Amino acid sequence: MKHIFLLCLSILVYTESHAQFTAVSTNLTGWAAGNINVAIDVNVDLHNTVNIPVSVNPFKFGNTQWRHIAVQPGWRYWMIERYIGHFISPSLFFANYELGHGQRYFQGNAYGVGFSWGYSILLNTRWNFLVEVGAGLIYTPYTERKYAKYIGEFDDEYTYRHHRLMLLPTKLNLSFSYLF
């Protein structure tokens, strides 16, 4: 995690000295799902930016939980000019998660690659509204367990180890971004 933070910080410092714009945004669909999220979009040149979104959900409600931390760095190629109009974006994906409902919970990591298309609407000189949709291939090794309170006195605690490769939607982004 320290390596990711240092990489993001070095990209930000480099581009602050060479770039005209950097954008910070938050995903409204992520907030609707209960996730705390923020993304930084760093200028590389007139048509290219690097996007680094981070999403966290530390909450647990009884046996229902959707805890995770996810990072999805990507490169955006803007068709007209950065932060205006259509763009395409290949991206990488990493998440550490713990999902639970009912008597079972699942713990693991997810790794993947994805591709998305988006459109940015310029609201004024500093604010944009962005729409982005994408899909990707996700590989996830995980363990499945029963909550301790559902294991009887004479029952064995069990742990199942699984791994899956899935084609899933990886981005649904409706966000406001501030350019500085």
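The structure displayed is predicted, hence computed values, not measured ones. Starting afresh in each chain, residues are numbered from 1 along the sequence in its written order. Where local features are concerned, this predicted model is filtered to residues with pLDDT of at least 70; where side-chain atom pairs are given and counted, the filter is 80 or more; whole-chain, interface and lining totals use all residues. For the side-chain quantities, the full set of heavy atoms in the structure was used; hydrogens and water were omitted.

*Asks:* Describe the overall build of the protein, listing the residues and the values that go with them.
*Replies:* Of the regular secondary structure elements, the protein holds two helices and 10 strands. Each helix and strand of the protein, placed in order from N terminus to C terminus, yields the pattern α-β-α-β-β-β-β-β-β-β-β-β. When a residue's accessible area, from a 1.4 Å probe over protein chains only, is under 20% of the maximum for its type it is buried; when over 50% it is exposed; and in between it is partly exposed. When each of the 180 residues of the protein is scored for burial, the buried share is 38%. Should any heavy atoms of two residues lie within 4.5 Å, those residues are considered in contact. Taking the intrachain contacts of the protein between residues at least 6 apart in sequence as the baseline, contacts between residues at least 24 apart amount to 58%. By the criteria applied, helices consist of DSSP H or I runs no shorter than four residues and strands consist of E runs no shorter than two, each listed in order from the N terminus.

*Asks:* Any chance you could break down the pairing of strand 7 (residues 85-101) for me, citing the residues and the numbers?
*Replies:* The two faces of a sheet get side chains in turn, since along a regular strand they alternate between them. In terms of strand pairing, strand 5 (residues 64-71) meets strand 7 through seven bridges, oriented antiparallel. Paired with Trp66 across the two strands is Leu99, which belongs to strand 7. Two strands are said to pair when DSSP picks up at least two bridges between them. In the sheet, strand 6 (residues 74-78) pairs with strand 7 via three bridges, with the strands oriented antiparallel. When the sheet's bridge partners are listed, Tyr77 is paired in strand 7 with Ile88.

*Asks:* Describe the side chain of Glu144, and please don't skip the residues or the numbers.
*Replies:* If you trace the backbone, Glu144 turns up in strand 9 (residues 127-146). Setting aside anything within four residues of it in sequence, one finds Glu144 in contact with Arg104, Tyr105, Phe106, Tyr158, Thr159, Tyr160 and His162.

*Asks:* Can you explain the confidence of the model for the protein? Please cite residues and give values.
*Replies:* Put simply, the protein has an average pLDDT of 87, and 87% of its residues get 70 or more. Values of pLDDT, the confidence the predictor places in each residue, fall between 0 and 100. Considering each helix and strand of the protein separately, the mean pLDDT is smallest for helix 1 (residues 2-18), with a value of 53, and largest for strand 6, with 96. Segment residues 15-19: pLDDT under 50, and six contacts once partners within four positions in sequence are set aside and those in other chains are kept.

*Asks:* Lay out unusual backbone geometry with the relevant residues and their values.
*Replies:* A negative phi angle characterises most non-glycine residues, just as the trans form characterises most peptide bonds. Positive phi outside glycine occurs at Tyr83, with the angle close to 70°. Here Tyr83 shows up in the loop between strand 6 and strand 7.

*Asks:* Break down the side chain of Asn57 for me, citing the residues and quoting the values.
*Replies:* Along the chain, Asn57 falls in strand 3 (residues 48-57). Residue classification places Asn57 among the buried positions, given a relative accessible area of 6%. Any N or O atom pair separated by 3.5 Å or less is treated as a polar contact, with the protein-specific requirement of one donor-capable and one acceptor-capable atom, and with residues adjacent in sequence counted only for side-chain atom pairs. Reaching out from Asn57, the side chain makes a polar contact with the backbone nitrogen of Phe59 at a distance of 3.1 Å. Contact partners of Asn57, with chain neighbours within four places excluded, come to Ala33, Gly34, Asn35, Trp66, Arg67 and His68.

*Asks:* Any details on the pattern of salt bridges? Residues and values, ideally.
*Replies:* For salt bridges, the criterion is a side-chain nitrogen of Lys or Arg within 4 Å of an Asp or Glu carboxyl oxygen. Tallied over the full model, the rule gives four salt bridges. Arg76 is the salt-bridge partner of Glu132, the closest N and O atoms lying 2.8 Å from each other. Separated by 56 residues along the polypeptide, Glu132 in strand 9 and Arg76 in strand 6 bring together distant segments of the chain. Judged by relative accessible area, Glu132 falls into the buried class, the value being 0%. The residue Glu132 makes a salt bridge to Lys171 at a minimum N-O spacing of 3.4 Å. With Glu132 in strand 9 and Lys171 in strand 10 (residues 159-179), this pair connects stretches of sequence that are 39 residues apart. The class for Lys171 is buried, based on a relative accessible area of 9%.

*Asks:* Provide a residue-level description of the pairing of strand 3, including the pertinent values.
*Replies:* Most of strand 3 is tucked away, with seven of its 10 residues classed as buried. Relative to strand 5, strand 3 runs antiparallel, the two being bridged by four bridges. Counted as the bridge partner of Val54 is Val71 from strand 5.

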